[in-house]
Amino acid sequence: DTAVSQTPKYLVTQMGNDKSIKCEQNLGHDTMYWYKQDSKKFLKIMFSYNNKELIINETVPNRFSPKSPDKAHLNLHINSLELGDSAVYFCASGGRENQPQHFGDGTRLSIL
Amino acid sequence: QKEVEQNSGPLSVPEGAIASLNCTYSDRGSQSFFWYRQYSGKSPELIMFIYSNGDKEDGRFTAQLNKASQYVSLLIRDSQPSDSATYLCAVTPPGANNLFFGTGTRLTVIP
């Protein structure tokens, strides 16, 4: 069974569109995350979320919004896509504080 | 100053040798340290984690932590071509759950 699963794996779309990426984890973890890996392969935290608190990296544009229908899901919605949004987006989940995080397979977003 | 710094490499070692990967971090209060391996086009995969000063061994991998020097390393013994990947050092800052990653060190093991 896949522990952290993301869909879609690839997403190709045009500038200005709105898109969503879905993430689900079956590890029973309390906290989920979204990371962005740019063309230089640098991984950077975007959001962390548990059932109590959403923590947003202040450098993330407000066009990006996480949505969590329940503890096992954290979706990423992006409005008005821009060329600079092209990257690989990874969802991750983790247990208690300081515990390792487990990553999904990533969603490669390409903006035309 | 970046929170986590790694030598980007590439680092090349012959098969069977010891590969040594190094990482420094800026926040002295950091408490959790992780090494992830990432193959090209794949997701980061947890290799080791360490919380206390000293060494932690798991198979061919040894993580070393020196909090006084704000330094964490990963040793890979008997390196294999399948170890060729990018190795990411990650640190949890105090009071937070998210990871700060270094830029990664690309390792190539030459048969």
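Residues numbered from 1 in each chain as written. Chains lettered and ligands numbered in written order. Predicted model: local features only at pLDDT ≥ 70, side-chain atom pairs only at ≥ 80, totals over all residues. Heavy atoms only, no water.

### Details of the overall build of chain A
Put simply, the rule is: Each helix is a run of DSSP H or I of at least 4 residues and each strand a run of E of at least 2, with the numbering of both proceeding from the N terminus. Computation of the radius of gyration draws on C-alpha atoms alone. For the globule rule, the value is 2.2 Å times the number of residues to the power 0.38.
A count of helices and strands for chain A gives 0 helices and 11 strands. Counted from the first residue to the last, chain A has its helices and strands arranged as β-β-β-β-β-β-β-β-β-β-β. For 112 residues, the compact-globule estimate of 2.2 N^0.38 gives 13 Å, and chain A sits close to it at 13 Å. Principal-axis analysis of the C-alpha atoms places the extent of chain A at approximately 40 × 30 × 30 Å.

### A look at the nonpolar core
Note the following rule: As used here, the term nonpolar core means buried Ala, Val, Leu, Ile, Met, Phe, Trp, Tyr and Cys residues forming a set that is joined through side-chain atoms within 4.5 Å. Exposure categories follow from relative accessible area, calculated using a 1.4 Å probe and restricted to protein chains: below 20% of the type maximum is buried, above 50% is exposed, and the middle band is partly exposed. Contacts are residue-level and defined by heavy atoms, with any inter-residue pair within 4.5 Å sufficient.
Among the nonpolar cores identified, the biggest contains 23 residues, and Phe33(B), Trp35(B), Val72(B), Leu74(B), Ile76(B), Tyr87(B) and Leu107(B) are the most heavily contacted of them. Among residues more than four places away in sequence, those in contact with Ile76(B) are Ala17(B), Ile18(B), Ala19(B), Leu21(B), Arg60(B), Phe61(B), Asp83(B), Tyr87(B) and Leu107(B). Core analysis: the next-biggest nonpolar cluster, separate from the first, contains 19 residues, Ile21(A), Cys23(A), Tyr89(A) and Cys91(A) among them.

### A closer look at the packing of aromatic side chains
The line we're drawing: Pairing of aromatic rings covers Phe, Tyr and the six-membered ring of Trp, with a centre-to-centre limit of 6.5 Å; geometry is then stacked below 30 degrees between planes, edge-to-face above 60, and tilted otherwise. Two conditions define a charge sitting above a ring: the NZ of Lys or the CZ of Arg must be within 6 Å of the ring centre, and it must be within 35 degrees of the ring normal.
Enumeration over the complete set of coordinates arrives at 12 aromatic pairs over all chains. Among the aromatic residues, ring-to-ring pairing joins Tyr33(A), Tyr35(A), Phe90(A), Phe103(A), Tyr36(B) and Phe101(B) into one connected group. Its guanidinium or amino end placed over the ring of Phe49(B), Lys56(B) lies 3.6 Å from that ring's centre, counting from NZ or CZ. One cation-aromatic arrangement involves Arg60(B) over Phe61(B); the distance from NZ or CZ to the ring centre is 5.5 Å.

### A word on the sheet that holds strand β1 (residues 4-7) of chain A
Residue and element names in this part refer to chain A. Here is the rule: When DSSP locates at least two bridges between a pair of strands, those strands are taken to pair. Every angle, taken between N-to-C directions, lies between 0 and 180 degrees, and every axis is a line fitted to C-alpha atoms, over only the stretch in contact when it is a helix.
Strand order in the open sheet formed by 4 strands is β1-β3-β8-β7, with antiparallel pairing between adjacent strands. Two strands bound the open sheet, and with one partner strand each, they are β1 and β7 (64-67). With strand direction ignored, the average angle separating the axes of adjacent strands in the sheet is 20°. Two strands pair when backbone bridges link them, and strand β3 (residues 19-25) and strand β8 (residues 75-78) are joined in this way by 3 bridges, in the antiparallel orientation. Bridging across to β8, serine 20 finds its partner in histidine 77.

### What to know about the environment of Phe34(B)
Relative to the helices and strands, Phe34(B) resides in strand β4 (residues 32-38). With 58 residues separating them along the chain, Phe34(B) and Thr92(B) place their C-alpha atoms 8.5 Å apart. With near-sequence residues (within four places) excluded, Phe34(B) lies in contact with Asn98(A), Gln99(A), Pro100(A), Leu46(B), Met48(B), Phe49(B), Tyr51(B), Leu88(B), Cys89(B), Ala90(B), Thr92(B) and Leu99(B).

### Re the interface of chain B and chain A
Which entries qualify depends on this criterion: Two parts placed together each lose some accessible area under a 1.4 Å probe, and adding up what both lose gives the buried area. By convention in these notes, a salt bridge is any Lys or Arg side-chain nitrogen within 4 Å of a carboxyl oxygen on Asp or Glu. Identification of polar contacts relies on pairs of N or O atoms within 3.5 Å, with a donor-acceptor requirement for protein atoms, meaning one able to donate a hydrogen and the other able to accept it, and with residues adjacent in sequence counted only if both atoms are side-chain atoms.
Between chain B and chain A, the contact holds 23 residues from the first and 17 residues from the second. For chain B, the biggest contributors to the area lost against chain A are Asn97(B), Asn98(B) and Phe101(B); these three give 30% of the whole. Counting across the interface, chain B meets chain A through 0 salt bridges. Our enumeration of links across chain B and chain A arrives at 4 residue pairs in polar contact (both at pLDDT 80 or more). Elements with a minimum of two residues in the side of chain B that touches chain A: β4, β5 (45-50), β9 (85-92) and β10 (100-101) of chain B. In terms of residues, the side of chain B that touches chain A owes the most to one element, β4(B), which gives 4 residues.

### Re the state of the cysteines
All names here are of chain A. What counts here: Cysteine sulfur atoms that pair up within 2.5 Å are treated as a disulfide.
Within this structure, the stated rule accounts for 2 disulfides over all chains. The side chain of cysteine 23 participates in a disulfide bridge whose partner is cysteine 91; the two sulfur atoms lie 1.8 Å from each other. Between cysteine 23 and cysteine 91 the disulfide shows an S-S torsion of about -75°. By sign, it is left-handed. Linking cysteine 23 in strand β3 with cysteine 91 in strand β9 (residues 87-94), this pair joins segments that are 68 residues apart in sequence. Take cysteine 23 and cysteine 91: they sit in the same class, and that class is buried.

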